[in-house]
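# Inside the fold
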Amino acid sequence: MKTKRSDFPEDFLFGVATSSYQIEGHAFGGAGRTHWDDFAATPGNVVRAENGARACDHFHRMDEDLDLIAGLGADVYRFSTSWARVLPEGRGAVNQEGLDFYDRLVDGLLARGIKPAATLYHWELPSPLADAGGWRNRDIAGWFADFTEVLMTRIGDRIWSAAPINEPWCVAWLSHFMGLHAPGVRDIRAAARAMHHVLLAHGTCIQTMRGLGMKNLGAVCNFEWANPASDSEADRAATARYDAYYNRFYLSGIFKGEYPAEVLAGLEQHFPTNWQDDLPTITTPVDWCGLNYYTRKNIAATDAPWPSLEEVEGPLPKTAMEWEIYPEGIGNFLRRTADDYSGDLPLFVTENGMASHSGTEDQDRIDYLDAHLDQVKAAISDGVPVAGYYIWSLLDNYEWSLGYDKRFGLVHIDFDSLQRAPKASYHALSAALTR
Ligand code: IFM
């Protein structure tokens, strides 16, 4: 690997990221049913109808996995907590075994000198809350605040940083407009409501954690660089619409208390009545901003109803996800986020990485990481306050509707034996991070 820790500022943090449903094994430890279990059980939604019932069995192998993080030389571990593991019905009765699990995880990290960075929601909504309308129901902001209170009353005193929701675009658009993630809805009004409610729940969660005295609270959004498929005016306007609902909507809400004009043009009629009254909650101050970045999309205009666009295949080399490799995108987004939204607040690349078919000899992953870290370095040289970088992911894991085939891990998982095998990228990174 070309990158070295010494290329970055002394206090720059390197970490790895995972999420609960993708690694833990949701059948274990008294967790409740989630809308991902339901979505995966519905024929046609997920490759081979795979689900997270066993995943990497991190629930029983946590110590081995924490040793792998320590062996890498990582400073910080970004994990998520499952709402249904803590509150199996989403509300009411607490599963003490779930709280005990996250308590052991946090203590296990601290014992190894690794900072715990928690994300409260990474997509596994408890099924009873999905029955009650899930992200379409405004009450979710209160349900989420209650979950936050229960969880963080137990572990918040030892958490280094926390973010409410991973990738609001996926929670809202991918899941309620495109229908590709649970709950698999394809409905513009549902999507608009989910977009607004996910931001409202972000705000109530931040307020709850502040109330508990927690510090270092942020937001984690995902970004795809939007590139016009041609130079035509129509394609450029379509690209601006894509950029608005994908990349700018959530930052605009959180940092400016407004929604982009291009989004209001298509969605205002579908937002909840008096949505503007929620903006003070949505803009509750945060301490940092996290960017998840993987690829760019090439956008062309169509005659379909708003947003009247489609993605077209681009010419760049692709990962196993068929995503174009476009490292410049992360540099562009870091600069734009600081310039237009977050100012001097620390920025973190909270996810970056690739799915590869190369097995344990994954030089392609090493090259991908080097190329993206070069862009992060350049942004820092330009004065952008980037404070850390997390690789997605520590382990090969459950890649949602694509099942277990898309391997993002620095560590290979044999999904029969559950044996862990560090890949070439793990060893290269471990050497790069040596102090
Ligand atoms: O696996 C996902 C993760 O859950 C959220 N961010 C993108 C990753 C790769 O698709």
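Residues numbered from 1 in each chain as written. Predicted model: local features only at pLDDT ≥ 70, side-chain atom pairs only at ≥ 80, totals over all residues. Heavy atoms only, no water.

Turning our attention to the nonpolar core. When a protein is soluble and globular, its nonpolar side chains tend to lie buried together. Counting 142 residues, the largest nonpolar core has Trp83, Trp135, Met152 and Leu334 as its most contacted members. For this core, the element with the highest residue contribution is helix H9 (residues 188-211), accounting for 11 residues. In this structure, Leu334 is in contact with Leu291, Leu347, Val349, Val376, Ala379, Val384 and Val386, ignoring residues within four places of it in sequence. (Core = buried A, V, L, I, M, F, W, Y, C linked by side-chain atoms within 4.5 Å. Buried < 20%, exposed > 50% of the residue type's maximum accessible area, 1.4 Å probe, protein only. Helix = DSSP H or I, 4+ residues; strand = E, 2+ residues; numbered from the N terminus. Contact = heavy atoms within 4.5 Å.)

The ligand sits among Gln22, His122, Trp123, Asn166, Glu167, Tyr294, Trp323, Glu351, Trp392, Glu399, Trp400 and Phe408. Between the ligand and His122 there is a distance of 2.7 Å, counted from an oxygen atom to a side-chain nitrogen or oxygen. Contact between the ligand and Glu167: a nitrogen atom at 2.7 Å from a side-chain N or O atom of the residue. Considered on its own, the ligand offers 280 Å² of accessible surface; in the complex 95% of this is hidden by protein. The pocket occupied by the ligand, as judged from atoms lying within 2 Å of grid points, is the largest pocket. (Near = heavy atom within 4 Å. Polar contact = N/O pair within 3.5 Å; in protein donor to acceptor, adjacent residues only side chain to side chain. Areas by Shrake-Rupley, 256 points an atom, 1.4 Å probe, with all protein chains shown as cover. 1 Å grid on protein atoms, 1.4 Å probe; cavity = no way out; pocket = protein on both sides within 12 Å on 5 of 7 lines; lining within 4 Å. Sits in = over half its atoms within 2 Å of the grid points.)

Moving on, we come to the packing of helix H8 (residues 168-176) against H9. For the pair H8 and H9, interaxial distance at closest approach is 8 Å and the crossing angle is 170°. One element, H8, and the other, H9, form an angle in the roughly antiparallel class. Counting all contacts with H8, which are made through Pro168, Val171, Ala172, Trp173 and His176, the residues of H9 involved are Ala190, Ala191, Ala194, Met195 and Val198. (Axes fitted to C-alpha atoms, helices over the stretch in contact; angles between N-to-C directions. Parallel < 35°, antiparallel > 145°, perpendicular 65-115°, else oblique.)

Take empty space enclosed by the protein next. Counted under the stated rule, the structure contains four cavities of 30 Å³ or more. Computed from the structure, the largest cavity encloses a volume of approximately 60 Å³. What lines the largest cavity is His35, Trp36, Tyr121, Trp123, Trp135, Cys170, Val171, Ser175, His176, His181 and Ala182. Looking at the lining of the largest cavity, the elements with two or more residues in it are helix H2 (35-40) and H8. If one sorts the elements of the lining of the largest cavity by residue count, H8 sits on top with four residues. (Points joined across faces, edges and corners; volume = space filled by probe spheres on them.)

What is shown is where atoms sit, not what they do.
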